[in-house]
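# Structural features, examined
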Amino acid sequence: INKNIFTFSKSEIKNKLKSVMQIKSFKIKKQLPDIIILDISERTPWVNLIINNQNYIIDSEGMILNSGEVKEINVENLPIIAYKNTRFVKKQSVEIVFLNIVKETLNSLSNLFRPDQLQINLSNLNNIEVLADDVLMIKLGHANNVSKKHTVLKILLKEIRNRWDEVEYIDIKSIKNPVIKFK
């Protein structure tokens, strides 16, 4: 920094670090005679949100990580979420309502599929669709009754084990009347 540790201002560094979206939290400590310690906690990429061919890498708190200076983030193991417009995307974050729908959907599928196996289409929030492992289409419908839909899906997946390529889709919009449509 090339400054005297006694004249060094923490607020100058704080302002710079607050503007970096990838930083979740930080602490600044002075250690005499001449050391400044920065303890930084980074945000973790959670999902790859694609809206109108624009990628938004967000963390589990809805913060957009690939805005501003940083453009390159490894998205290889992230689930893909597709949506049709940017109404839930703000300057640096995603609205909590949308984030909660994504969380509910991912949490309900997390013990059935690896996150990187999932592509979730939220273009119509009343008709959520999931493509699992690039093969199996699952029609969830609205994000309500997620835990019950999860239970039904788990049973249906056992029925079609090792036969995903024979299935056109699984429809669990109505948990009382689930459908497996074969090709």
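Located above this text is the structure these notes cover.
This text gives an overview of the structure that appears in the document. (Residues numbered from 1 in each chain as written. Predicted model: local features only at pLDDT ≥ 70, side-chain atom pairs only at ≥ 80, totals over all residues. Heavy atoms only, no water.)

Turning our eyes to something else, we now look at the overall build of the protein. On a plain count of helices and strands, the protein comes out with 3 helices and 10 strands. Listed N to C, the secondary structure of the protein is α-β-β-β-β-β-α-β-β-β-α-β-β in terms of helices and strands. For the protein, the C-alpha radius of gyration of 22 Å lies well beyond 16 Å, the compact-globule estimate for 183 residues. Viewed in the frame of its principal axes, the protein has a C-alpha envelope of about 75 × 30 × 25 Å. Every one of the 183 residues in the protein was classed for burial, and the buried ones make up 36%. By element, 47% of the accessible surface of the protein is carried by carbon and sulfur atoms, the whole surface being about 11,300 Å². Counting 28 positive and 20 negative side-chain charges, the protein places the averaged centre of each group 7 Å from the other. (Helix = DSSP H or I, 4+ residues; strand = E, 2+ residues; numbered from the N terminus. Rg over C-alpha atoms; globule rule 2.2 N^0.38 Å. Buried < 20%, exposed > 50% of the residue type's maximum accessible area, 1.4 Å probe, protein only. Areas by Shrake-Rupley, 256 points an atom, 1.4 Å probe, with all protein chains shown as cover. Lys, Arg positive; Asp, Glu negative; His and termini not counted. Charge placed at Lys NZ, Arg CZ, Asp CG, Glu CD.)

Our next topic: empty space enclosed by the protein. This model, assessed by the stated rule, comprises 1 cavity of 30 Å³ or more. Taken as a whole, the largest cavity encloses approximately 60 Å³ of empty space. Forming the walls of the largest cavity are T105, S108, L109, I128, L140, G141, H142, A143, V146, K149, H150 and L153. Elements that contribute at least two residues to the lining of the largest cavity include exactly α2 (96–109), β8 (136–141) and α3 (146–159). Tallying contributions element by element places α3 first for the lining of the largest cavity, with 4 residues. In terms of residue class, the lining of the largest cavity is built from 6 nonpolar, 5 polar and 1 charged. (1 Å grid on protein atoms, 1.4 Å probe; cavity = no way out; pocket = protein on both sides within 12 Å on 5 of 7 lines; lining within 4 Å. Points joined across faces, edges and corners; volume = space filled by probe spheres on them. Nonpolar A, V, L, I, M, F, W, Y, C, P; charged D, E, K, R; others polar.)

What follows covers the sheet that holds strand β10 (residues 179–182). Spatially, β4-β3-β5-β6-β7-β8-β9-β10 is the arrangement adopted by the 8 strands of the open sheet, whose pairing is mixed. Each edge of the sheet is formed by a strand with only one pairing partner; in this case those strands are β4 (54–58) and β10. Across the sheet, the mean angle from the axis of one strand to that of its neighbour is 20°, orientation sign disregarded. In this sheet, strand β7 (residues 128–132) lies alongside strand β6 (residues 118–121) in antiparallel orientation, the contact comprising 4 bridges. Across the sheet, the residue bridging to L118 is A132, located in β7. (Pairing = 2+ DSSP bridges. Axes fitted to C-alpha atoms, helices over the stretch in contact; angles between N-to-C directions.)

Inspection of the entire model under this criterion finds 7 salt bridges. Ionic pairing is found between K24 and E61, a salt bridge with its closest N-O pair at 3.6 Å. Taken together, the residues K24 in strand β1 (residues 23–31) and E61 in the loop between β4 and β5 (80–83) connect sequence positions 37 residues apart. Its relative accessible area of 45% is what places K24 among the partly exposed residues. Look at the salt bridges and you will find they share partners, linking K24, R43, D59 and E61 into a network. (Salt bridge = Lys/Arg side-chain N within 4 Å of Asp/Glu carboxyl O.)

It is worth spelling out the environment of M137 at this point. If you trace the backbone, M137 turns up in strand β8. On a C-alpha basis, the gap between M137 and E168 in space is 6.8 Å, while along the polypeptide they are 31 residues apart. Excluding residues that lie within four positions of it along the chain, M137 makes contacts with E129, V130, L131, E168, Y169 and I170. (Contact = heavy atoms within 4.5 Å.)

This next bit is on the side chain of K139. Within the element layout of this structure, K139 appears in strand β8. No salt bridge is formed by the buried K139. Its closest oppositely charged neighbour is E129, at 4.4 Å. For K139, the contacting residues outside a window of four places in its chain are I128, E129, Y169, I170, D171, I172 and K173.

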